[in-house]
Every structure is written in structure tokens, then in C-alpha cells.
Amino acid sequence: MDIVFLIGRIVFGLIFVFFGVNHFMKKDQMVAYAASQGVGGASFFVPATGLILLLGGLSVATGVFPQVGLILLILFLVPTSFIMHRFWGVSPEEKMQQMPHFMKNMALAAAALALLFISLPWPLSL
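So, a few notes on the structure that sits alongside this text. Throughout, residues of each chain are indexed from 1 in the direction in which the sequence is written. Under the rules for a predicted model, residues below a pLDDT of 70 receive no local features and side-chain atom pairs below 80 are neither given nor counted, while totals for whole chains, interfaces and linings still include all residues. With hydrogens and water stripped out, all remaining heavy atoms of the structure feed into the side-chain values.

Right, let's get into the overall build of the protein chain. For the purposes of this entry, the term helix denotes a DSSP run of H or I that reaches at least four residues, the term strand denotes a run of E that reaches at least two, and both are numbered from the N terminus. Counting its secondary structure elements, the protein chain contains 5 helices and 0 strands. Listed N to C, the secondary structure of the protein chain is α-α-α-α-α in terms of helices and strands. Viewed in the frame of its principal axes, the protein chain has a C-alpha envelope of about 45 × 25 × 20 Å. Of all intrachain contacts in the protein chain linking residues separated by at least 6 positions in sequence, the fraction that spans at least 24 positions is 66%. Here the protein chain displays about 7400 Å² of accessible surface, and carbon together with sulfur accounts for 77% of that area. A gap of 4 Å separates the mean positions of the 6 positive and 4 negative side-chain charges of the protein chain. Only heavy atoms enter the contact rule, under which two residues are in contact if any of them lie within 4.5 Å. The Shrake-Rupley method, run with a 1.4 Å probe, gives the accessible areas here. Residue values count only the displayed protein chains as cover. When charges are tallied, Lys and Arg are placed among the positive residues and Asp and Glu among the negative ones, while His and the ends of the chain are skipped. Each charge is placed at NZ for Lys, CZ for Arg, CG for Asp and CD for Glu.

What follows is the structure, encoded as C-alpha cells:
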């Protein structure tokens, strides 16, 4: 059972590592998109949230301070969902694009919230 939990948490954590790396590798496109969504200071917030994603994802994957990492991820996912993926009050085409992203982020936030209640230390952690 410990191995299954380890595999699940590594996959879960590495998703966020991948997203965080994208914040740096595709910074210009992400800054432009964030600015188009009304985010002031997008050139600051894109790399800052990229760092949050990297730290949170690595924390979960390795089991090092996992509760801190999970809180970071939740604090990223919930506001980002409401700021970047507003599917209400937009065209039907835009709604079809934004609603799945909003729902995905909320599901990931709920999973992170559930993981907060797993007793520490996590098995097979660094």
C-alpha cells in the first residue's frame, strides 16, 4: 500500500512541477494571457506562481514538508481558477474552453485538501 501511495503522490506532485516549469519556459505567452485576463503585474505573478507550483509539487512528490506544499498548491489553484478561468458570462465557445480548466483546478485543489489530512510522516518520504 505504501508503494501505491508513493506512486500516486509522485504523479500528483510532478504534474505541478511540469506546470511550474511551463511558467518559466512559456513565460511570455503566459504573461500575455494573464494580462488579457486582467491580472495586474502579470510579469511578476507568472514566475512567482511558477515557483509556488515547483515548490509545492516537489514537496508533495518527495514528502518533504508535504503539508506546506499542499497549502501552496491550494493557495495557487483556487484563486487562479476564479481569475484565469472565468467561464461564466462569456461566449459559448470561450465557456467550452474555460470550464474544463476551472473544474480541473478545483478537482486538483480538492485532492490537495484531502491529502492534507493524511497523517505525517508520509511513508517512503525523503
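Let us keep going from here.
What follows covers unusual backbone geometry. At the junction of leucine 120 and proline 121, the peptide bond is cis and its omega measures out at -5 degrees in the coordinates. By the secondary structure assignment, proline 121 is in the segment after α5 (92–115). The backbone of phenylalanine 65 shows a phi angle near 50 degrees, a positive value even though the residue is not glycine. Burial classes follow relative accessibility: with a 1.4 Å probe on protein chains only, a residue under 20% of its type's maximum area counts as buried, one over 50% as exposed, and anything between as partly exposed. Overall, the relative accessible area of 66% leaves phenylalanine 65 in the exposed class.

Here arginine 9 shows up in helix α1 (residues 2–25). By definition, a salt bridge exists where a carboxyl oxygen of Asp or Glu is found within 4 Å of a side-chain nitrogen of Lys or Arg. Buried and without a salt bridge, arginine 9 has aspartate 2 as its closest oppositely charged side chain, separated by 8.4 Å. Excluding residues that lie within four positions of it along the chain, arginine 9 makes contacts with Val60, Ala61, Thr62, Gly63, Trp122, Pro123, Leu124 and Ser125.

Tracing the sequence through the fold places isoleucine 52 in helix α3 (residues 42–62). Judged by relative accessible area, which is 27%, isoleucine 52 ranks as partly exposed. Spatially, the C-alpha atom of isoleucine 52 lies 21 Å from that of phenylalanine 117, the residues being 65 residues apart in sequence. Residues in contact with isoleucine 52, not counting those within four places in the same chain, are Leu72, Leu73 and Phe76.

Before going further, it helps to spend a moment on the nonpolar core. We define the nonpolar core as a collection of buried residues of types Ala, Val, Leu, Ile, Met, Phe, Trp, Tyr and Cys that are connected through side-chain atoms lying within 4.5 Å of one another. Among the nonpolar cores identified, the biggest contains 16 residues, and Phe12, Phe16, Val60, Leu70, Leu77, Leu115 and Trp122 are the most heavily contacted of them. Sorting the residues of this core by element identifies α1, α3, α4 (66–84) and α5 as the ones contributing at least two each. Broken down by element, this core gets its largest block of residues, 5 residues, from α4. Ignoring any residue separated from it by four or fewer positions in sequence, one finds tryptophan 122 in contact with Phe5, Arg9, Val60, Gly63, Pro66, Leu70 and Leu115. Counting residues in hydrophobic clusters, the runner-up holds 6 residues, among them Ala34, Ala42, Val46 and Met84.

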